[in-house]
Amino acid sequence: MRRLTGTGVSHGVAVGPVVMLMQNPLVIRFAIPPDRIDDELTRLRDARERSKRQLHEIGARLNQRARAELRYLFEAQILMLDDPLFVNRAEELVRSEHANAEWAVWRACAGLAAVFDEVEDPYLRERKGEMADLSGRVRMNLRRARESALFDDVEEGAVLVADQLSPSIAAQIDWTKIHGFATDTGSRTDHTAILARSLHVPAVMGLLDVSGQVSPGTTLVVDGTMSEVLIAPSPAEAADYRGRRQRWVAMQTRRERQGVGPARTLDGVEIRIDANIERVADVEVARQQGAQGIGLFRSEFLLASADAPAIAASEALQVELYRQLFDRGRADSVTIRLFTASALEEVAGDHDVGDLRRVQLRAVLRAAGDGQLNILVPTVSGVGDLRDVRAMIAESRAALERRGDRAGQVAIGAMIEVPSAALTADVLAREADFFSIGTNDLVQYTLGASRTEPRGAALYEPLHPAVLRLIRQVLDAAAGSNVPVALCGEMATDPVAIPLLIGLGLRTVSMNPAAIPTTKQLIGQLRASELREVADRAMSLATAAEIEEYLADALGRDPRDELTLGSATEGATT
Ligand code: PEP
Ligand code: MG
């Protein structure tokens, strides 16, 4: 078994025999059943004859225009068609390896090209390009002879290995038949990667040379979650991955059946809604309320229970708990906010706080193999905080690897909940994988108000222009650097604030589960195209009261009158 690491661009697991596609040139390889070998050979010969006819026609036309040197070129191609090293060799591959004709032609041509590579004579070396051209022509004629869709003949449950995979080809493939793909080139932001995610096709890209390391029919595991492929796994490993795939497929099916999906405005703009939770058991509630994932798991709540010291010190206990976040809630992604410093200090006892942090990081990395797991760094005040956590994560990953434990891929995000973070969002955006704006704290620290003390409550105004400007600054910095951004403060549950936030460009929110159904309903009544202007106007006003009044007016009425959201302050904790 060999393991290659690339970039997991779409979650999930696929296990199956390799089917290959070399898009440069585009060639697929599948096995021809013995009783169809003769048909395949006929197809090949027909394609050769058709190619020959076309080349003669081209030659005749060129002749009329007296382009002799070009005519010779095509005449040379006609001769090559009869070269025993080409079509005859291809026929041999169909017979001996049961290769499909397209593949056999490509292989024969590649063999000839290698011969040309060896020769010193530059004239002969140039013939290599002509070989590729000719091979393309024969393959084109093979396709025309049989107008079938790509991969029609491929067995169900195969995985695709390609040098490169263009979005148009990816869009053409029947992914119910082909269960995943691995490519030499590509990255997370490729359109092919985006397509894979939306179609839920497990995929790893950027593997550099996976196409050179596998053969058609080799068993391959594609683990998009762990960013790796396993070539020729042992039967036990393959069985383990098949089990994982089954669980993953079951999760997808349940999700589709439950209709859990993003909110959608009247004009079709999708707003992702995740849940904020404090207890592992709440993932089920989050799901029932229609959350797509867990946008904020306040892990410090684990340290508020009676067995907190045991949990804080036990990697195994934490791995178990974090895995349950996926298993019980069927979330498509889970964001775990790391223990806050104060929570850790309270339970540390004789333990070193740094050691306890490492315990959590190792546990999170181990659980990351189960799905898309994000680490959220609380109360980031500047980029230094993020760097410190990154360094600790690298250290923890190395420690796990030394131990032989598997560490999954994680995205590392910054919680923007103090003004210093918002004001340096452009700097943070260069180093954070995502942002989560925590308005519960951002409001209090911007305004010198208190979210808990009744005395400070009067000053606590989420719609204050200072807060809105900071939020806009964060959204703009994130957009400028292509950093995903969510807002996980309770402000997202406010029916007056949410249209404004959408108008400012926000597309992901995370909130207490109870607020999700009504927020979805409210978003379904909005028209995103109109909200940018509303937001611009609101941003020009002077006070929270003016902004609130304007918004209520612009939205036709105060939506709060009509909607009673599930406890708008629930979950607004520390
Ligand atoms: C926030 O500050 O907005 C937030 C979501 O975190 P918490 O409420 O846990 O402080
Ligand atoms: Mg906070």
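Residues numbered from 1 in each chain as written. Chains lettered and ligands numbered in written order. Predicted model: local features only at pLDDT ≥ 70, side-chain atom pairs only at ≥ 80, totals over all residues. Heavy atoms only, no water.

Asker: What is the right way to read the overall build of the chain from this model?
Answerer: The secondary structure content of the chain amounts to 24 helices and 18 strands. Looking at the 574 residues of the chain, the share that counts as buried comes to 54%. Considering only residue pairs separated by 6 or more positions, the chain has 69% of its internal contacts joining residues 24 or more positions apart. Counting every atom, the chain has about 25200 Å² of accessible surface; 50% of that belongs to carbon and sulfur. (Helix = DSSP H or I, 4+ residues; strand = E, 2+ residues; numbered from the N terminus. Buried < 20%, exposed > 50% of the residue type's maximum accessible area, 1.4 Å probe, protein only. Contact = heavy atoms within 4.5 Å. Areas by Shrake-Rupley, 256 points an atom, 1.4 Å probe, with all protein chains shown as cover.)

Asker: It is not clear to me how the pairing of strand S15 (residues 410-416) should be interpreted in this structure. Could you clarify?
Answerer: On any regular strand, side chains alternate: one points to one face of the sheet, the next to the other face. With respect to burial, S15 is a largely interior element, 6 of its 7 residues being buried. Relative to S15, strand S14 (residues 372-377) runs parallel, the two sharing 5 bridges. Bridging across to S15, Val377 finds its partner in Ala414. Of the crossover connections in this fold, the one passing from S14 over helix H15 (residues 383-403) to the parallel S15 is right-handed. As judged from the 4 bridges shared by S15 and strand S16 (residues 434-437), these two strands associate in the parallel manner. Bridging from a neighbouring strand, Gly413 pairs with Phe434 of S16. (Pairing = 2+ DSSP bridges. Right-handed = clockwise from strand over helix to strand, strands pointing away.)

Asker: Before we go on, may I ask you to explain helix H23 (residues 544-554) in this structure?
Answerer: In an α-helix, one turn spans 3.6 residues, which is why side chains three or four residues apart end up on the same side. All buried positions along H23 are accounted for by Ala544, Ile547, Tyr550, Leu551 and Ala552. Where H23 is buried, its residues meet helix H19 (465-481), helix H20 (497-503) and helix H22 (528-539). At the exit of H23 stands Gly556, carrying a positive phi of roughly 95 degrees.

Asker: Looking at this structure, how should I read the coordination of the magnesium ion (ligand 2)?
Answerer: Four donors placed tetrahedrally about a metal ideally form angles of 109.5 degrees, and six donors placed octahedrally ideally form angles of 90 or 180 degrees. Listed as protein donors to the magnesium ion (ligand 2) are Glu417 (OE) and Asp441 (OD); their distances from the metal cover 2.0 to 2.1 Å. A residue pair is termed long-range when its members are at least 10 positions apart, and Glu417 in the loop between S15 and helix H16 (419-423) and Asp441 in helix H18 (residues 439-447) qualify at 24 residues. Among the residues examined, Glu417 registers a relative accessible area of 4% and is labelled buried. (Donors = N, O, S within 2.8 Å, 3.2 Å for Na, K, Ca; no water.)

Asker: Just checking my understanding: could you explain the pattern of salt bridges for this structure?
Answerer: For side chains of opposite charge, pairing can occur when their charged atoms come near one another. Per the stated rule, a full pass over the model turns up 29 salt bridges. A salt bridge links Glu40 to Arg43; the nearest nitrogen and oxygen atoms lie 2.8 Å apart. Here the residue Glu40 and the residue Arg43 both occupy positions in helix H1 (residues 37-64), the gap between them amounting to 3 residues, near one helical turn. One exposure class covers both Glu40 and Arg43, and it is buried. (Salt bridge = Lys/Arg side-chain N within 4 Å of Asp/Glu carboxyl O.)

Asker: Got a minute to help me understand the nonpolar core in this structure?
Answerer: What tends to happen in soluble globular proteins is that the nonpolar side chains get buried as a cluster. Membership of the largest hydrophobic core comes to 106 residues, with the highest contact counts inside it found for Tyr322, Phe435 and Leu463. When neighbours within four sequence positions are excluded, Phe435 is seen to be in contact with Ala414, Ile416, Ala425, Leu428, Ala429, Val474, Ala478, Val483, Pro484, Val485 and Ala486. In terms of nonpolar packing, the next biggest core, distinct from the first, is built from 49 residues, Leu21, Leu55, Trp175 and Met205 among them. (Core = buried A, V, L, I, M, F, W, Y, C linked by side-chain atoms within 4.5 Å.)

Asker: Explain the packing of aromatic side chains here, please?
Answerer: Each aromatic ring pair is specified by the distance between its two centres and by the angle formed by the two planes. Counted under the stated rule, the structure contains 2 aromatic pairs. On the basis of an interplanar angle of 50 degrees and a centroid distance of 5.1 Å, the ring pair of Trp103 and Trp106 is categorised as tilted. Placement of the pair is Trp103 and Trp106 together in helix H4 (residues 101-118), with a separation of 3 residues, close to one helical turn. Considering the side-chain rings of Trp175 and Phe181, the 5.4 Å spacing of their centres and the 40 degrees angle between planes classify their relative orientation as tilted. On the basis of relative accessible area, Trp175 is assigned to the buried category, the value being 13%. (Phe/Tyr/Trp six-rings, centres within 6.5 Å; stacked < 30°, edge-to-face > 60°.)

Asker: What is the right way to look at empty space enclosed by the protein in this model?
Answerer: To find the voids left in a structure, one rolls a probe of water-molecule size over its atoms. Scanning the model with the defined rule gives 1 cavity of 30 Å³ or more in all. Its boundaries defined by the atoms lining it, the largest cavity holds a volume of some 40 Å³. Around the largest cavity, the lining residues are Leu338, Arg357, Gln360, Leu361, Val389 and Met392. Contributions of two or more residues to the lining of the largest cavity are made by helix H14 (353-367) and H15. The biggest single contributor to the lining of the largest cavity is H14, with 3 residues. Of the residues contributing to the lining of the largest cavity, the split by class is 4 nonpolar, 1 polar and 1 charged. (1 Å grid on protein atoms, 1.4 Å probe; cavity = no way out; pocket = protein on both sides within 12 Å on 5 of 7 lines; lining within 4 Å. Points joined across faces, edges and corners; volume = space filled by probe spheres on them. Nonpolar A, V, L, I, M, F, W, Y, C, P; charged D, E, K, R; others polar.)

Asker: Can you walk me through the packing of helix H12 (residues 315-327) against H14 in this structure?
Answerer: A pair of packed helices is characterised by two quantities: the angle between their axes and the separation of those axes. Remark: H12 packs on H14, axes separated minimally by 8 Å, with the N-to-C direction vectors making an angle of 40 degrees. Between H12 and H14, the angle falls in the class oblique. The hand of the H12/H14 crossing is right-handed. Along its contact with H12, which presents Glu315, Gln318, Val319, Tyr322, Arg323 and Phe326, the element H14 presents Val359, Gln360, Arg362, Ala363, Val364, Arg366 and Ala367. Of the residues contributing to the contact of H12 with H14, the split by class is 7 nonpolar, 2 polar and 4 charged. (Axes fitted to C-alpha atoms, helices over the stretch in contact; angles between N-to-C directions. Parallel < 35°, antiparallel > 145°, perpendicular 65-115°, else oblique. Left-handed = near helix turned anticlockwise from the far one by under 90°.)

Don't take any of this as a statement about function, it's just geometry.
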